[in-house]
Amino acid sequence: MELLLWMVPLLLVPLLMWTSTTFVFYFKKFFYVAWMMCLALLAIPLSILKSGGRDIENMRIIRFLVRHVKYFFGLRFDVSGWEHLQTEGPYVIISNHQSSLDVLGLMEILPDRCTMIAKKELIYAGTVGLICWLGGIVFINRKKTSDAKSVMADAAQTMLDDQIRLWVFPEGTRNQNGDLLPFKKGAFHLAVQAQVPLIPVVFSSYSNFYLRKEKQFKSGTIRLHILPKIETKGLTSDDVSDLCDRCFNVMRSAFLEISPSVSHSNGPISH
């Protein structure tokens, strides 16, 4: 009898995986979060042994451990523009942000000595938060503009002192509405203050395999387009708005181009 009770859920799971897209969606989401927490649990002692604590070099360990996760979900990355990441010295990478799955694409192309700027709440995400801290991720409080500006100013100096790169999501939040949200200016102030180039990275729309509202999560291909760097040397804070608009327009054009399921009839978004 007990054996029979154990067999029921074992038989039920594959049945639901076959018949219910909603069950598949939640099962994959749960597995994704759980597996990431397990990988973080493995990465924490490895990072401490390697670097003794918080160090951007720990991102190498995180990158190595995360790169296989795409295979569990049947995801494939088609990357173009690799040569644009072969830029010496510090720079700021900016990319669109659709879901937590962006981490997989980020780790697919993450250059050496590169970490992220992330919301402060992430540090409280259990083992994932701790490994993010060990990987040198810069946390900002999005609710306090003065705090965010101070952190960005410190980050600009750290970029130059330690010769590191930073990855920023200028939309400021996850967005899956079929277009880009207007960019916040923090990443552009950061690049201008440090006088380092910006490298735009565009993820194609996930709408052909991942739809949060419709509870669909299938296998699929994500196109990752790395665009040519945009220089900031000689620019000042007065140029930030124009720089922001320029990057937005270039990235939006690329997004529409590499996302065949996205309507190209959308007009420009005003900033």
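Predicted model, so just to flag it, every value in this text is computed and none were measured.

A. Main features of the overall build of the chain. A tally of helices and strands in the chain yields 9 helices and 9 strands. Taking the contacts inside the chain whose residues are at least 6 apart along the sequence as the reference set, 75% of them involve residues at least 24 apart. As displayed, the chain has an accessible area near 14000 Å², and 60% of this comes from carbon and sulfur atoms.

B. Examining the packing of aromatic side chains more closely. On inspection of all chains with the given rule, the structure shows 13 aromatic pairs. Ring geometry for Trp-35 and Phe-72: centres 5.5 Å apart, planes at 80°, overall edge-to-face. Of this pair, Trp-35 sits in helix 2 (residues 21-51) while Phe-72 sits in helix 4 (residues 69-72), placing them 37 residues apart in sequence. On the basis of relative accessibility, which here comes to 43%, the residue Phe-72 falls in the partly exposed class. An aromatic cluster is defined as three or more aromatic residues linked by ring pairs; in this entry it consists of Phe-25, Tyr-26, Phe-31, Tyr-32, Trp-35, Phe-72, Phe-73, Tyr-210 and Phe-217. It is Lys-28 that lies over the ring of Phe-217; its NZ or CZ is 5.1 Å from the centre.

C. Fine view of the side chain of Thr-87. Examined against the element boundaries, Thr-87 turns out to sit in the loop between strand 1 (75-80) and strand 2 (92-95). Here the side chain of Thr-87 touches His-84 through a polar contact of 3.1 Å, landing on its backbone oxygen. Aside from chain neighbours lying at most four places away, what touches Thr-87 is Arg-165, Ile-199 and Lys-229.

D. Representation of the environment of Ile-226 in the model. Along the chain, Ile-226 turns up in strand 9 (residues 220-226). Each C-alpha atom, one on Ile-226 and one on Ile-93, is 9.5 Å from the other, the two residues being 133 residues apart in sequence. Apart from the residues within four sequence positions on either side, Ile-226 is in contact with Val-79, Ser-80, Gly-81, Trp-82, His-84, Leu-85, Ile-109, Ile-199, Pro-200 and Val-201.

E. Structural context of the pairing of strand 6 (residues 198-203). With respect to burial, strand 6 is a largely interior element, 6 of its 6 residues being buried. Of the two faces of strand 6, the one carrying Leu-198, Pro-200 and Val-202 and the one carrying Ile-199, Val-201 and Phe-203 are both buried. In this sheet, strand 6 lies alongside strand 2 in parallel orientation, the contact comprising 4 bridges. Looking at strand 6, one finds that Ile-94 is bridged to Pro-200.

F. Spotlight on the nonpolar core. Grouped together as the largest cluster of nonpolar side chains are 82 residues, with contacts concentrated most on Val-92, Leu-104, Trp-167, Phe-188, Leu-190 and Leu-198. Here this core takes 10 residues from helix 9 (residues 240-258), the largest share from any one element. In contact with Val-92, not counting residues within four places along its chain, are Met-159, Leu-166, Val-168, Ala-187, Leu-190, Ala-191, Val-196, Pro-197, Leu-198 and Ile-199.

G. Summary view of the pattern of salt bridges. Inspection of every chain in the model, using the stated rule, returns 7 salt bridges. Between Asp-179 and Arg-252 there is a salt bridge whose closest N-O contact spans 2.8 Å. Separated by 73 residues along the polypeptide, Asp-179 in the loop between strand 5 (165-168) and helix 8 (186-194) and Arg-252 in helix 9 bring together distant segments of the chain. Here Lys-229 and Glu-231 are joined by a salt bridge, their closest N and O atoms 3.4 Å apart. What makes Glu-231 partly exposed here is its relative accessible area of 37%. Through salt bridges with shared partners, a single network forms among Glu-57, Arg-60, Arg-63, Asp-112 and Arg-113.

H. Expanded view of the confidence of the model for the chain. Of the residues in the chain, 87% have a pLDDT of 70 or more, and the chain-wide mean is 89. Counted against residues more than four places away or in other chains, residues 263-271, with its pLDDT under 50, gives 20 contacts.

I. Focus on the UniProt feature "transmembrane region" (unreviewed entry) in the chain. Under the UniProt annotation, "transmembrane region" (unreviewed entry) lies at residues 6-25, 30-49 and 122-140. Between the end C-alpha atoms of residues 30-49 there is a gap of 29 Å, over a span that is 100% helix and 0% strand. Structurally, residues 122-140 is divided into 47% helix and 16% strand, and its ends, taken at the C-alpha atoms, are 10 Å apart.

The rules behind these values
Residues numbered from 1 in each chain as written. Predicted model: local features only at pLDDT ≥ 70, side-chain atom pairs only at ≥ 80, totals over all residues. Heavy atoms only, no water. Helix = DSSP H or I, 4+ residues; strand = E, 2+ residues; numbered from the N terminus. Contact = heavy atoms within 4.5 Å. Areas by Shrake-Rupley, 256 points an atom, 1.4 Å probe, with all protein chains shown as cover. Phe/Tyr/Trp six-rings, centres within 6.5 Å; stacked < 30°, edge-to-face > 60°. Buried < 20%, exposed > 50% of the residue type's maximum accessible area, 1.4 Å probe, protein only. Lys NZ or Arg CZ within 6 Å of the ring centre and 35° of its normal. Polar contact = N/O pair within 3.5 Å; in protein donor to acceptor, adjacent residues only side chain to side chain. Pairing = 2+ DSSP bridges. Core = buried A, V, L, I, M, F, W, Y, C linked by side-chain atoms within 4.5 Å. Salt bridge = Lys/Arg side-chain N within 4 Å of Asp/Glu carboxyl O. pLDDT = per-residue confidence, 0-100. UniProt positions renumbered as here; feature names shortened; annotations may be inferred.

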